[in-house]
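Close look at the chain arrangement
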Amino acid sequence: MLYFEDSISHSVFLKKSSVFSGLKESLDEFKKSQRWQHGAGGVHHEPGVPGCRRRGVSGGPREKNQDLAEEYTQIKPYAGMPKEVLLLYSSQARYRVPREILFWLIVACTLALVALTVTVIALSRAASAGGRPPGVPGIQEQLHHFEYLNIKSVWISPFYRSPMKDFGYDVEDFRAIDPLFGTMHDFEELLAEMHNKGLKLIMDFIPNHTSDRHRWFNLSRTGDTHYKDYYVSIFGNSSWTYDDLRGQCYLHQFLKEQPDLNFRNPHVRQEIIDIIHFWLGKGVDGFRMDAVKHILEAEHLRDEPQVDPKQPPEDVTTEWELYHDYTTSQLGLHDMLREWRAEMDIYSREPGRYRFMVTESYDYHEVEKTMMYYGTPQVKESDFPFNFYLLDLPQNPSGMWVKHLVHLWMGNMPKGQWPNWVVGNHDRSRIASSAGQIYVRVINMLLLTLPGTPTTYNGEEIGMENINVQKKEPGSVLAQYRFLSTLRQSELPLHRGWFCYVHADANVFSYLRELEGLGRAFLMVLNFGKESAITDLSSVRELPDQLKVLMSTNQVNSGKVLQKSHIPTELGVFEDTCQRNPGITAVGRQQHRWRSHGHSPRAAGCEGSERRRGDS
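The paragraphs below set out a description of the structure included in this document. Residue positions are given per chain, counted from 1 along the sequence in the order it is written. Since the coordinates come from a predicted model, pLDDT governs what is reported: local features require at least 70, and pairs of side-chain atoms require 80 or more to be given and counted, while whole-chain, interface and lining totals use all residues. Processing note: side-chain calculations cover all non-hydrogen atoms of the structure and skip hydrogens and water entirely.

**Description of the environment of T317**
- By the secondary structure assignment, T317 is in the loop between β11 (286-289) and α10 (333-348).
- Using a 1.4 Å probe on the protein chains alone, a residue whose accessible area is under 20% of its type maximum counts as buried, one over 50% counts as exposed, and one in between counts as partly exposed. On the basis of relative accessibility, which here comes to 66%, the residue T317 falls in the exposed class.
- C-alpha of T317 to C-alpha of S238: the two residues are 79 residues apart in sequence and 8.8 Å apart in space. Helix numbers and strand numbers start at the N terminus; a helix is a DSSP run of H or I with at least 4 residues, a strand a run of E with at least 2.

Rendered as structure tokens:
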């Protein structure tokens, strides 16, 4: 049998110096192969191979020259072909080049998407100097602040029309901006300006309930045939409130002014999808889905079981005194979320406009429930569920406790998924209040050097201190945040690298960030304890003996060279960067970042411990 085999390596991705040069070369090669294919030559069938033909015939010198141009011209493979025939076809340019083009496009799109979700700032609605919230125009005036800090995405708290019984989480109209924050025109201008600056806007979306002033609820109260089942209504008490007009109780898992929608009604489900389309059509880049575990209730609507069966029911006053078996994480919840994801994916087909979805669900010790929001290997759900475990850091500031909280996520996260970290939100006090001002720097350092997406609640990047003063101080909380955010974006080990535990004790938590094939890595040594400490990492043979401080939360230490057997930290933080040229770097409260040379820290502390990569 005579066949043509392309001499160009199939492992194109190993030879191309960049995504776009690889794509260009593949296209050029494809064009050449097309010109060659249409050259002169006779055609005849190859015996024994259905539909296979070759150019040229055997014979004298003329025929011999024609043999040089032999190739199969089968338009497409046939069903049931043997492996040998399939390999012949797969190597032809018409099949191979489209694969290469798709490969490089996927790589390019992946790199673009990673850059979009580096840091999310959740904007609070703190009053301005005039006593009013800054609103949508005020946010637009602060876009330069996000650019200054290398922020890529901005999550904005609810700004829908609302009576404000729950800070905007009681929505009166999902398609209107509350006058307190501006107009729809203001919002459209903000969105356009953000996109011009390369920023992404993530909206807060509240599907579980509405305000009791919502049009749907008022129509439901009056018994309108279309809307009467839009809410969960029945005779009852406790989390049920009796409505005189309806003559029934309605369910509210939050305030009585926030009646729960009935998602077992297909009209309600379609209403929510229509609202998702409304905002995606305006160009928003994604949603934070609020309180998703509460969306569905068991159809039987039974009372929740009491934690203490002997406790008189009338004495049950808090959610912690009940098992929420019938009102959270019900069968069908994830199917609905995946349906919303599918609707969002329609808009993600636009080049460079991926639509992002994050879910909010406080599952506490039931971390396996939280991990389900990632979806399955076959069906994607949210890009990630919010990780709230670091919110518990102030309960027990210590190296071992921080490692425990980090491992709760890294040790349970499904393979290949992308982690994320939250240290403050609208439900909790800010770091400066909950943990204390002394821990602000170390917590920000932890947040910005762990693998995955960091979420910063607006104001924590300055430690709730005067921003104008901090911009003038090179060692301020703001300066540290900006340095780390920029470093994170520019350094692949921090942005996409492996994560490995190195050391943890009552004070210090230390871990390594690296990426195989690069000549540098980063070692963080963070002091979360209540006293200064000396950390001895001499047992980690892969680390170099001398570590050079790249950056320290105590500016005096930046640039110093330390011995790995004697790493001093004050309570606060310490980070370091290991490079395979001379040096290492570290950061801390007295926290430093170090650089190392001549050693590969790849296996440092990884033997017998979890080694997870911070990419998807």
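Picking up where we left off.
**Comments concerning unusual backbone geometry**
- Backbone geometry at M164 places phi at a positive 65°, although glycine is not the residue there.
- Structurally, the position occupied by M164 is in the loop between β5 (160-161) and β6 (173-177).
- Since its relative accessible area comes to 26%, M164 is described here as partly exposed.

**Some thoughts on the packing of aromatic side chains**
- To pair, rings of Phe, Tyr and Trp, with the six-membered ring standing in for Trp, must have centres within 6.5 Å; the planes then decide the type, stacked if under 30 degrees apart, edge-to-face if over 60, and tilted in the middle. A complete count under the given rule lists 28 aromatic pairs for this structure.
- Measuring from ring centre to ring centre gives 4.6 Å for Y227 and Y230, while their planes differ by 55°; the resulting arrangement is tilted.
- Y227 gets classed as buried once you look at its relative accessible area, which sits at 12%.
- Judged by its relative accessible area of 0%, Y230 falls in the buried class.
- Members of the aromatic cluster, joined through ring pairs, are F159, Y160, F174, F187, F205, W216, Y227, Y230, F278, W279 and F287.
- The ring of Y501 has K403 sitting right over it, with the charged end atom 4.9 Å from the ring centre.
- Cation placement over rings: the criterion is NZ of Lys or CZ of Arg within 6 Å of the ring centroid and within 35° of the ring normal. Here the guanidinium or amino end of K471 rests over the ring plane of Y148, the centre of that ring lying 5.2 Å away.

**Brief notes about helix α9 (residues 266-282)**
- Helix span, expected: 1.5 Å multiplied by one less than the number of residues in the helix. For α9, which comprises 17 residues, the first-to-last C-alpha distance of 25 Å matches the rise-based estimate of 24 Å (1.5 Å per residue) to within 8%.
- Residues of α9 that are buried: V268, E271, I272, I273, I275, I276, W279 and L280.
- The opening residue of α9, the one whose side-chain oxygen lies 2.8 Å from the backbone nitrogen of H267, is N265. Think of a polar contact as two N or O atoms within 3.5 Å of one another; within protein, one of them needs to be a possible hydrogen donor and the other a possible acceptor, and neighboring residues in sequence only count if both atoms come from side chains.

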